[in-house]
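# Breakdown of the fold
Here is how the chains run, residue by residue.
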Amino acid sequence: MEDNSRNILYEDRNFRVEYNPVSHEDHILYVTKNGEEQGVHIPRGVLEEVARTKGLDNIERKLNTLNPSLKWVTEHDGLTMPDVALALTQARLKEVENERDSFISEYRKLREA
């Protein structure tokens, strides 16, 4: 069985964000409610765009444009678009931390060579 923990960028009781196994530059947002999980494709660049966008209204508009069913999936399960925005932003922060760690590791390897 494959270790999926490296692919998970964010996880709480309602959401999990991870890299899309088919296209590692894209992501999948899993919404979990009552033990059932529903996946929503998140294209490349959306995590950063959401993290940089100011104002919940602007974020909601962008997310609705991205995938109109996302609002139905979340609200149907008693979640909100700000909840989604927080999960995506946290995932982007983890992605940046991973990139930083990778650069530091590569830099150290170059210095030791």
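Regarding its fold elements, the protein presents 4 helices and 4 strands. The order of α-helices and β-strands along the protein, N terminus first, is β-β-β-β-α-α-α-α. Buried residues in the protein amount to 34% of all 113 residues. The contacts of the protein with a sequence gap of at least 6 include a subset with a gap of at least 24, amounting to 36%.

Bringing the packing of aromatic side chains into the picture now. Using the criterion set out here, one finds 0 aromatic pairs in the structure. Between Arg16 and the ring centre of Tyr30, over which it is positioned, the NZ or CZ distance is 4.2 Å.

Right, let's talk about the confidence of the model for the protein for a bit. In this model, the protein carries an average pLDDT of 88, and 95% of its residues clear a pLDDT of 70 or more. Ranking the elements of the protein by mean pLDDT puts helix H3 (residues 68–76) last, at 78, and strand S1 (residues 8–11) first, at 96.

The next thing to look at is the pattern of salt bridges. Evaluation of the coordinates by the stated rule reveals 10 salt bridges. The residue Arg100 makes a salt bridge to Asp101 at a minimum N-O spacing of 2.9 Å. A single salt-bridge network, built from bridges that share partners, covers Glu48, Arg52, Arg92, Glu95 and Glu99.

Here we come to the sheet that holds strand S4 (residues 36–42). Read across the open sheet, the 4 strands follow the order S1-S2-S3-S4; overall the sheet is antiparallel. Looking along the sheet, the strands with just one partner apiece sit at the ends: S1 and S4. Each strand axis lies, on average, 15 degrees off the axis of its neighbour in the sheet, ignoring direction. Here 7 bridges tie strand S3 (residues 27–33) to S4, and the two strands are oriented antiparallel to one another. When the sheet's bridge partners are listed, His27 is paired in S4 with Ile42.

Reading the values: rules and limits
- Residues numbered from 1 in each chain as written.
- Predicted model: local features only at pLDDT ≥ 70, side-chain atom pairs only at ≥ 80, totals over all residues.
- Heavy atoms only, no water.
- Helix = DSSP H or I, 4+ residues; strand = E, 2+ residues; numbered from the N terminus.
- Buried < 20%, exposed > 50% of the residue type's maximum accessible area, 1.4 Å probe, protein only.
- Contact = heavy atoms within 4.5 Å.
- Phe/Tyr/Trp six-rings, centres within 6.5 Å; stacked < 30°, edge-to-face > 60°.
- Lys NZ or Arg CZ within 6 Å of the ring centre and 35° of its normal.
- pLDDT = per-residue confidence, 0-100.
- Salt bridge = Lys/Arg side-chain N within 4 Å of Asp/Glu carboxyl O.
- Pairing = 2+ DSSP bridges.
- Axes fitted to C-alpha atoms, helices over the stretch in contact; angles between N-to-C directions.

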